[in-house]
Amino acid sequence: MGRYIHPVSIGPVHLANNLLLAPMAGFTNVAFRLIAKEVGGCGLVATEMVAAIGRQSPVQDKRFAVLTRNLPQERPLAMQVYGNDPDLCGRTAAALDAAGADIIDLNCGCPVRKAQQAGCGVALMRDPARVGAIVKAMVAATTKPVTVKMRLGASAQNRNALEIAHAALENGAVALTVHARTGESKHGTPVDLSGLAEVKAFVKARCGEAVPVFANGSMDTAAAIRAAKDEAGADGYMIGRAACGDPWLFRNLMAELDGGEPYAPTLEERKRLLERHFDLILDLFGEERGVRVMRKYTFFYCNRLPGVRRFRDRFCRITSRAEFQQVVDDFFADLIAGRHAGEVEHLTLIDEDGGGEH
Ligand SMILES: Cc1cc2nc3c(=O)[nH]c(=O)nc-3n(C[C@H](O)[C@H](O)[C@H](O)COP(=O)(O)O)c2cc1C
């Protein structure tokens, strides 16, 4: 463990390393998190955001159960609250604690219109006092460490990350993650490490090294991680989109930054992991829904492989585990035999301009 990759603590929770999986709605369910942990190199996994809603119905209870389902092997585990009412966020933090969270995070970064209209996600950054009140309510409701995930501001005109950091720390947050863009910038725009550096300097002046600041936003290459450390003093790195379909990314980044050997999975290993992932997904969602859920992961796993477009067309029509196996067997048999030789194909899987995403 060296300058870039090292253990880190979030309050009393000790992480073996400082590469974190980002919370991603529709992606970071227990199956995906377990895969990330099994492949290795990921210091902390997180659930997607869980809405802080007052009235409970059987449908909402079921959704909560799916979002928070977890296994001992994936721990430590962060769970995330999404909301804007301090009381409801506090009650949700207590529910997440009871469901098995080791760390409870507050979402101050989601930029989608629906979130903004509800005053949630990055819209919370427009109201530092409310962020403080929510963090305070969450801290009061749980014994688990509370953290905040934010951006540099709701918009370029409202870059108030230091105010939000102040509100969070003042009320008991013990770590911050900063997606180093504002709420209106697209995923493709470069991250602003100077904004991140300001947050880190502010936190360090106030709390020393006791409160880590994690960098987020395209932290998917060794160069990006070195820059986040060297230019902004980041204590760790949170990775989102790039980990989808490439769970080997964590250990490869670690190898590159720590002087170890990078690891290139063979086609057979890629196929085996895809099959294991599907079995975990079936367990979570059942066959009918699981087949649909698995599509997005499968295209990530197979993206940039020759013949992936044809494979996608076939895969979109499957309705069962047996059909999955057939289509995947055929695709990989052709790949291994070199029958798809030709152009590597690239599918756009998450809107490159960040539309609809966080
Ligand atoms: C599909 C998708 C879903 C996301 N869901 C969440 C979420 O539930 N909570 C959250 O804080 N951020 C969410 N994010 C934002 C990511 O956590 C992360 O901040 C963002 O993708 C930037 O990191 P990256 O460049 O490594 O992907 C989501 C992003 C994507 C692409």
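Residues numbered from 1 in each chain as written. Predicted model: local features only at pLDDT ≥ 70, side-chain atom pairs only at ≥ 80, totals over all residues.

Caption draft 1: Highlighting the overall build of the chain. Looking only at helices and strands, the chain features twelve helices and ten strands. Dimensions of the chain, computed from the C-alpha atoms along their principal axes, are close to 60 × 50 × 35 Å. In the chain, which comprises 358 residues, the proportion classed as buried is 48%. For the chain, long-range pairs separated by at least 24 residues make up 70% of all intrachain contacts whose partners lie at least 6 apart in sequence. (Helix = DSSP H or I, 4+ residues; strand = E, 2+ residues; numbered from the N terminus. Buried ≥ 20, exposed ≤ 12 C-beta atoms within 10 Å, placed from the backbone. Contact = placed C-beta atoms within 7 Å.)

Caption draft 2: Structural view of the domain arrangement of the chain. With domains assigned, the chain is organised as domain 1 (8-258) and domain 2 (267-336). Spacing between the C-alpha centres of domain 1 and domain 2 amounts to 30 Å. Across the contact, nine residues belong to domain 1 and nine residues belong to domain 2. (Domains from an automatic or database assignment.)

Caption draft 3: Region of the structure containing the packing of helix α7 (residues 193-207) against helix α8 (residues 222-232). In the contact formed by α7 and α8, the axes pass within 9 Å of each other and the chain directions differ by 50°. Classed by the angle they form, the pair α7 and α8 counts as oblique. Regarding α7 and α8, the two cross each other, and that crossing is right-handed. Here α7 contributes Leu 193, Leu 196, Ala 197 and Lys 200 to the contact with α8, which in turn contributes Ala 227, Ala 228, Glu 231 and Ala 232. Looking at the contact of α7 with α8 residue by residue, the classes come out as six nonpolar, no polar and two charged. (Axes fitted to C-alpha atoms, helices over the stretch in contact; angles between N-to-C directions. Parallel < 35°, antiparallel > 145°, perpendicular 65-115°, else oblique. Left-handed = near helix turned anticlockwise from the far one by under 90°. Nonpolar A, V, L, I, M, F, W, Y, C, P; charged D, E, K, R; others polar.)

Caption draft 4: Seen up close, the sheet that holds strand β5 (residues 77-82). Read from one edge of the open sheet, eight strands run β3-β10-β9-β8-β7-β6-β5-β4, paired in parallel fashion. Edge positions in the sheet fall to β3 (19-21) and β4 (45-51), since each of these pairs with one other strand and no more. Averaged over all adjacent pairs, the angle separating strand axes in this sheet is 30°, with direction ignored. As judged from the three bridges shared by β3 and strand β10 (residues 236-239), these two strands associate in the parallel manner. (Pairing = 2+ DSSP bridges.)

Caption draft 5: Examining the pairing of strand β6 (residues 103-108) more closely. Among the six residues that make up β6, six are buried, leaving the element largely enclosed by the rest of the structure. As judged from the four bridges shared by β5 and β6, these two strands associate in the parallel manner. Each residue of the ladder has a partner; that of Ala 78, found in β6, is Ile 103. In terms of strand pairing, β6 meets strand β7 (residues 146-153) through five bridges, oriented parallel. The partner of Asp 105 across the bridge, within β7, is Thr 147.

Caption draft 6: Fine view of the environment of Asn 70. Within the element layout of this structure, Asn 70 appears in the loop between α2 (58-68) and β5. Asn 70 sits 29 residues away from Ala 99 along the chain, and the two C-alpha atoms are 8.2 Å apart. In contact with Asn 70, not counting residues within four places along its chain, are Val 30, Leu 77 and Gly 100.

Caption draft 7: Spotlight on helix α1 (residues 30-39). Counting buried positions along α1 gives eight out of ten residues, so the element sits mostly inside the fold. Within α1, burial applies to Val 30, Ala 31, Phe 32, Arg 33, Ile 35, Ala 36, Lys 37 and Val 39. Close packing links the buried residues of α1 with β3, β4, α9 (249-258) and α10 (267-302). Two residues or fewer past α1, Gly 40 is found with a positive phi of approximately 100°.

Caption draft 8: How the structure looks around helix α12 (residues 321-336). The terminal C-alpha atoms of α12, which comprises 16 residues, lie 22 Å apart, in line with the 22 Å expected from a rise of 1.5 Å per residue. Where α12 ends, the next residue or the one after it, Gly 338, has phi of about 75°, a positive value. (Expected span 1.5 Å × (residues − 1).)

Caption draft 9: Geometry of the packing of helix α3 (residues 86-99) against helix α5 (residues 128-141). Put simply, α3 and α5 touch, their axes get as near as 8 Å, and they point 35° apart. As for the relative orientation of α3 and α5, their crossing is right-handed in sense. The residues of α5 that touch α3, namely those facing Pro 86, Asp 87, Cys 89, Gly 90, Arg 91, Ala 93 and Ala 94, are Ala 133, Ile 134, Ala 137, Met 138, Ala 140 and Ala 141. The class makeup of the residues in the contact of α3 with α5 is ten nonpolar, one polar and two charged.

Caption draft 10: Summary view of the nonpolar core. If you look at the biggest cluster of nonpolar residues, it comprises 113 residues, and the most contacted ones within it are Met 138, Leu 176, Ala 215 and Tyr 237. For this core, the element with the most residues is α10, which contributes twelve residues. Of the residues that make up this core, three or more belong to each of domain 1 (8-258) and domain 2 (267-336). With residues up to four places along the chain from it excluded, the contact list for Tyr 237 reads Asn 18, Leu 19, Leu 20, Phe 214, Ala 215, Met 219, Ile 225 and Ala 228. (Core = buried A, V, L, I, M, F, W, Y, C linked by C-beta atoms within 7 Å.)

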